Amino acid sequence: MTISAHPLVDRARRLAADLLAPEAERVDQEGVPASHIAAVKRSGLLGAVAPVTHGGAGAPPSVLRETAEILAGACCSTWFVQTQHHTPVQTLTQSELPVRERLLGPLARGELLSGVAYAHLRAYPRVPVRVHRRGAGWRFDGTVPWYTGWGLNDVLLLAGVTDTGEVLFAFAEACDQRGLRASPPMRLAALTASHTVSLELDGLWLPEEAVALRTPYERWAPGDRARTLGTNPAVFGVARSALSLLDEETAGPLRVRLADVRRRAYALADQAEPGERTGERLAVRADAYEVLRTATTAAVVAGGGRAMALTSRAQRLAREALFLLVQGQTTESRAAHLRTLAGTPPEPGGIRNT
């Protein structure tokens, strides 16, 4: 079966065409509604890479990439809310702790939607969220700067660092509770619709059976770093949507560029071991951003003054492109991207690993 013929890809296309794309401008201004999340849950897409034994589809990563492109190109805000869910699913799939059997099935079947609160771990050795042993569980204190899907998610996967330098991930209910308080929704230049807040943790206690992962930071960090090196499939989805607003004379050459960088990005994802060919991955990522910027800028230019209206599809896509420039950004990827924008060569010997 080809990727394009996979049932999940077909469901993503129908969801995008029937609901997400027609409503995208309204959602951009009013927020992702619960009805959109309900439709995503029913679609089976939340269990794309979850094991079949727990109700998932067990699809290959290429299917997850394809569906991500489709959803992001239709409504980037809805895509961004639901994409958080796949990290908890993958974390539980690899876990041997008791929480796996309690939550993996409901998450894989789309009965529950999970968010994530762990990007702050990349600030280490600064520790925004501290974890301490308390009785038969763990106490969390600190601030989660960004959390997406508040009010839409059922559970959240929260991470912090212990006194001994371990990262600890545990599940909590995604609601205000003793020791956990959310800020008002953030007003952002793009994806305000994604229900993004910050979380204040002041003695949030979670039992041992909520823990999904506990490992030394030095063991966890290389895998996380490897995941940030590649190109986000959403970049290709948003760029493709922008190109659909152009005449063929303008769009044609850009489609060729987009197809080329997409092919290179996915070849690296499929053929290279995680963490290998770092310089090449970051260079391809920067190339993809350049095509995205060009495509969305062209859509705004083609739209003229009408593109300045908040109801303009071209303007929404251009703002979403700005968001994707920094989503999942690390010190390493930022430095590589800035070198590309400045037209300076890579560091001697390739891009230095950090």
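The preceding data block contains the structure.
All of these numbers come straight from a predicted model, not from anything done at the bench.

### Some points on the overall build of the chain
Here's step 1: Check the secondary structure of the chain and you find 12 helices and eight strands.
Here's step 2: On C-alpha atoms alone, the chain measures out to a radius of gyration of 20 Å, which is about the 20 Å that the 2.2 N^0.38 rule sets for 354 residues.
Here's step 3: Here the chain holds 354 residues, and the buried ones make up 54% of them.
Here's step 4: Contacts spanning at least 24 positions in sequence make up 71% of the contacts within the chain whose residues lie at least 6 apart.
Here's step 5: Put simply, the chain shows about 16000 Å² of open surface, and 55% of that area lies on carbon and sulfur atoms.
Here's step 6: Taking the average location of the 40 positive side-chain charges in the chain and that of its 36 negative ones, the two points are 1 Å from each other.

### Notes on the packing of aromatic side chains
Here's step 1: On inspection of all chains with the given rule, the structure shows nine aromatic pairs.
Here's step 2: Plain terms: the ring middles of Phe 169 and Trp 220 are 6.1 Å apart, the flat faces sit at 50 degrees to each other, and that makes the pair tilted. Highlighted residues: Phe 169 in strand S5 (residues 166-173) and Trp 220 in helix H7 (residues 217-229), separated in sequence by 51 residues. An identical accessibility class is assigned to Phe 169 and Trp 220; each is buried.
Here's step 3: Every member of this aromatic cluster is reached through a ring pair, and the members are Tyr 118, Tyr 124, Phe 169, Tyr 217 and Trp 220.
Here's step 4: Residue placement shows Arg 65 over the ring face of Tyr 266; its charged tip is 4.2 Å from the ring centre.

### Focus on unusual backbone geometry
Here's step 1: Between Tyr 124 and Pro 125 the backbone carries a cis peptide bond, its omega angle lying at 20 degrees.
Here's step 2: Positionally, Pro 125 belongs in the loop between strand S1 (114-117) and strand S2 (129-134).
Here's step 3: Backbone geometry places Leu 191, a non-glycine residue, at a positive phi of 65 degrees.
Here's step 4: Positionally, Leu 191 belongs in the loop between strand S6 (180-182) and strand S7 (197-207).
Here's step 5: Residue class for Leu 191 comes out buried when judged on its relative accessible area of 1%.

### Things to note about the nonpolar core
Here's step 1: Residues Trp 79 and Leu 324 are the most contacted members of the largest nonpolar core, which totals 62 residues.
Here's step 2: Secondary structure elements with two or more residues in this core: helix H1 (7-30), helix H2 (34-43), helix H3 (61-74), helix H4 (76-83), helix H8 (233-243), helix H9 (248-271), helix H10 (278-303) and helix H11 (313-326).
Here's step 3: Contacts of Trp 79, omitting those with residues within four sequence positions, involve Ala 68, Leu 71, Ala 72, Asn 232, Ala 234, Leu 324 and Gln 327.
Here's step 4: In terms of nonpolar packing, the next biggest core, distinct from the first, is built from 23 residues, Val 144, Tyr 147, Ala 172 and Leu 180 among them.

### Structural notes on helix H6 (residues 99-108)
Here's step 1: H6 sits mainly inside the fold: eight of its 10 residues count as buried.
Here's step 2: Taken as a whole, H6 has its buried residues at Val 99, Arg 100, Leu 103, Leu 104, Gly 105, Pro 106, Leu 107 and Ala 108.

### Thoughts on the packing of H3 against H9
Here's step 1: For the pair H3 and H9, interaxial distance at closest approach is 12 Å and the crossing angle is 145 degrees. Once H3 is placed against H9, the crossing between them reads as right-handed. Facing Arg 65, Glu 66 and Glu 69 of H3, the residues of H9 in contact are Arg 262, Tyr 266, Ala 269 and Asp 270.
Here's step 2: Across the contact of H3 with H9, the residue classes break down as two nonpolar, no polar and five charged.

### Here we look at the pairing of strand S3 (residues 137-147)
Here's step 1: Pairing between S2 and S3: six bridges, direction antiparallel. Across the sheet, residue Val 131 finds its bridge partner in S3, namely Phe 140.
Here's step 2: A loop of two residues connects S2 with S3, the two strands running antiparallel in sequence, and Gly 135 in this loop sits at a positive phi of about 60 degrees.
Here's step 3: Relative to S7, S3 is paired through nine bridges, and the arrangement is antiparallel. Within the sheet, the bridge partner assigned to Gly 142 lies in S7 and is Leu 201.

### What about the pattern of salt bridges?
Here's step 1: Counted under the stated rule, the structure contains 26 salt bridges.
Here's step 2: We note a salt bridge from Arg 139 to Asp 141, for which the minimum N-O separation is 2.7 Å.
Here's step 3: Residue Arg 139 is classed as partly exposed on the basis of its relative accessible area, which comes to 30%.
Here's step 4: Residue classification places Asp 141 among the buried positions, given a relative accessible area of 8%.
Here's step 5: A salt bridge links Arg 316 to Glu 320; the nearest nitrogen and oxygen atoms lie 3.1 Å apart. Of this pair, Arg 316 and Glu 320 both sit in helix H11, separated by four residues, roughly a single helical turn.
Here's step 6: Looking at Arg 316, the relative accessible area reads 2%, which means it is buried.
Here's step 7: Connected via shared salt-bridge partners are Glu 66, Glu 69, Arg 240 and Arg 262.

### Quick look at the packing of H10 against helix H12 (residues 331-342)
Here's step 1: Interhelical geometry of H10 versus H12 gives an angle of 60 degrees and a closest axis separation of 9 Å. Taken together, the axes of H10 and H12 lie oblique to each other. Between H10 and H12 lies a crossing whose hand is right-handed. Of H12, the residues touching H10 (which contributes Thr 278, Leu 282, Arg 285, Ala 286 and Tyr 289) are Glu 332, Ser 333, Ala 336, His 337 and Thr 340.
Here's step 2: Residues belonging to the contact of H10 with H12 are distributed by class as follows: four nonpolar, four polar and two charged.

Rules used throughout
- Residues numbered from 1 in each chain as written.
- Predicted model: local features only at pLDDT ≥ 70, side-chain atom pairs only at ≥ 80, totals over all residues.
- Heavy atoms only, no water.
- Helix = DSSP H or I, 4+ residues; strand = E, 2+ residues; numbered from the N terminus.
- Rg over C-alpha atoms; globule rule 2.2 N^0.38 Å.
- Buried < 20%, exposed > 50% of the residue type's maximum accessible area, 1.4 Å probe, protein only.
- Contact = heavy atoms within 4.5 Å.
- Areas by Shrake-Rupley, 256 points an atom, 1.4 Å probe, with all protein chains shown as cover.
- Lys, Arg positive; Asp, Glu negative; His and termini not counted.
- Charge placed at Lys NZ, Arg CZ, Asp CG, Glu CD.
- Phe/Tyr/Trp six-rings, centres within 6.5 Å; stacked < 30°, edge-to-face > 60°.
- Lys NZ or Arg CZ within 6 Å of the ring centre and 35° of its normal.
- Core = buried A, V, L, I, M, F, W, Y, C linked by side-chain atoms within 4.5 Å.
- Axes fitted to C-alpha atoms, helices over the stretch in contact; angles between N-to-C directions.
- Left-handed = near helix turned anticlockwise from the far one by under 90°.
- Nonpolar A, V, L, I, M, F, W, Y, C, P; charged D, E, K, R; others polar.
- Pairing = 2+ DSSP bridges.
- Salt bridge = Lys/Arg side-chain N within 4 Å of Asp/Glu carboxyl O.
- Parallel < 35°, antiparallel > 145°, perpendicular 65-115°, else oblique.

Keep in mind these values describe shape, not function.
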